[in-house]
Amino acid sequence: VARYELSAGGTLIFVAGPPTNVGNVAGLQLAFVNLAGGRDQIPLPPTDHPDARLSPDGRQLAYTRNDQVWLYDLDLGTHLQLTTTGTGHHNPIWSPDGKRIAYRSLRSEGQGGDVYVQAVSGDSAGVHVGGTPGGDNPAQWLADGTILTYSDAVRADVPALAADQPGKVTPILRADWNERHP
């Protein structure tokens, strides 16, 4: 199983290598791979989570290192640590306009890994928008940027959160079997 992201412009970023348990991953080096198999290493320190995501405009990369979400500007080569409050941050997901990032975080107001949304400008801490006691991963924003789907770790269903109305949960897919990663 490989984690991947495809930009609107057709750039694919993925984690290559042997199958691993995400909790036991260490030393991953991020790279761009073109269709001919050529590889361009991204000049970043190794990461411990296979969850890097390109911004909608393809100019920035959100990634996790040492349980924090970082931003890397691909044009300027600069790093910015986005998250500074709490720990266990991972699975960054860009909003469609590229101005916000949703991520999973362990914080006192969360229940073991809830969904938070934070401005990319980094001028404020992330806002707790919801989740369940088992730990939830944000998955995808709807095109208008108001709704965010996530994987419900408790019921293994697919609900959605209103990004601007913390706590408002809307079931999208609920069944007798597990649904994940919308």
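Chemist: Let's hear about the overall build of the protein chain: which residues, and what values?
Modeler: Counting its secondary structure elements, the protein chain contains 0 helices and 16 strands. Looking at the protein chain as a whole, 43% of its 182 residues are labelled buried. For the protein chain, contacts bridging at least 24 residues in sequence account for 28% of all contacts bridging at least 6. Carbon and sulfur atoms make up 53% of the accessible area of the protein chain, which totals about 9500 Å².

Chemist: Provide a residue-level description of the sheet that holds strand E11 (residues 114–119), including the pertinent values.
Modeler: Judged by pairing direction, the sheet is antiparallel, and its 4 strands sit side by side in the order E9-E10-E11-E12 without closing on themselves. Each edge of the sheet is formed by a strand with only one pairing partner; in this case those strands are strand E9 (87–94) and strand E12 (127–130). Sheet twist, expressed as the mean angle between neighbouring strand axes with direction ignored, is 35°. Relative to E12, E11 is paired through 3 bridges, and the arrangement is antiparallel.

Chemist: Describe the packing of aromatic side chains, listing the residues and the values that go with them.
Modeler: Following the criterion strictly, the structure yields 1 aromatic pair and no others. Relative to tyrosine 116, the ring of tyrosine 103 lies with its centre 6.2 Å away and its plane at 15°, an arrangement referred to as stacked. One end of the pair, tyrosine 103, is in strand E10 (residues 100–106); the other, tyrosine 116, is in strand E11, with 13 residues separating them in the sequence. Of the two residues, tyrosine 103 and tyrosine 116, neither departs from the other in class, the shared state being buried.

Chemist: Talk me through the nonpolar core; I want residue IDs and the actual numbers.
Modeler: Grouped together as the largest cluster of nonpolar side chains are 11 residues: Ile13, Leu30, Phe32, Ile42, Leu44, Ala52, Leu54, Leu61, Tyr63, Trp70 and Tyr72. Looking at this core, the elements with two or more residues in it are strand E6 (60–65) and strand E7 (68–73). Isoleucine 42 has contacts with Ile13, Gln29, Leu30, Ala31, Phe32, Leu61 and Tyr72, leaving out every residue within four places of it along the chain. In terms of nonpolar packing, the next biggest core, distinct from the first, is built from 10 residues, Val115, Trp141, Tyr150 and Leu161 among them.

Chemist: An account of the sheet that holds strand E14 (residues 147–151) is needed here, citing residue identities and associated values.
Modeler: Note: strands within a sheet are paired through backbone hydrogen bonds, in either parallel or antiparallel orientation. Judged by pairing direction, the sheet is antiparallel, and its 4 strands sit side by side in the order E13-E14-E15-E16 without closing on themselves. The open sheet is flanked by strand E13 (137–141) and strand E16 (169–173), the only strands paired with a single partner. If you compare each strand with its neighbour and ignore which way they point, the axes differ by 35° on average. Of the pairings in the sheet, the one linking strand E15 (residues 158–162) to E16 comprises 4 bridges and is antiparallel in character. Bridge pairing in E16 links alanine 160 to threonine 170.

Chemist: Break down the environment of aspartate 97 for me, citing the residues and quoting the values.
Modeler: Looking at where aspartate 97 falls in the secondary structure, it is placed in the loop between E9 and E10. With a relative accessible area of 48%, aspartate 97 lands in the partly exposed category. A polar contact is formed between the side chain of aspartate 97 and the side chain of serine 95, at a distance of 2.6 Å. A polar contact of 2.9 Å, which involves the side chain of aspartate 97, links it to the backbone nitrogen of lysine 99.

The rules we used
Position numbers for residues count from 1 along each chain, tracking the sequence in the order it is written. Whole-chain, interface and lining totals are the exception, using all residues; otherwise, since this is a predicted model, local features are given only for residues with pLDDT of at least 70 and side-chain atom pairs are given and counted only at 80 or more. Working from all heavy atoms in the structure, the side-chain values ignore hydrogens and water. Only DSSP runs of H or I covering at least 4 residues are called helices, and only runs of E covering at least 2 are called strands; the numbering of each starts at the N terminus. Exposure categories follow from relative accessible area, calculated using a 1.4 Å probe and restricted to protein chains: below 20% of the type maximum is buried, above 50% is exposed, and the middle band is partly exposed. In this analysis, two residues are considered to be in contact whenever any of their non-hydrogen atoms come within 4.5 Å of each other. Residue burial considers only the protein chains on display, and all accessible areas are found by Shrake-Rupley using a 1.4 Å probe. Between any two strands, at least two bridges found by DSSP are needed for them to pair. Axes here refer to lines fitted to C-alpha atoms; in helices the fit is confined to the stretch in contact. Angles between the N-to-C directions go from 0 to 180 degrees. For Phe, Tyr and Trp, rings pair up if their centres lie within 6.5 Å, where Trp contributes its six-membered ring, and each pair is then called stacked (planes under 30 degrees apart), edge-to-face (over 60) or tilted (otherwise). Among the buried residues, those of types Ala, Val, Leu, Ile, Met, Phe, Trp, Tyr and Cys that are joined through side-chain atoms within 4.5 Å form a nonpolar core. Distance and chemistry together define a polar contact, namely a pair of N or O atoms within 3.5 Å, with one atom able to donate a hydrogen and the other to accept it when in protein, and with adjacent residues in sequence counting only for side-chain atoms on both sides.

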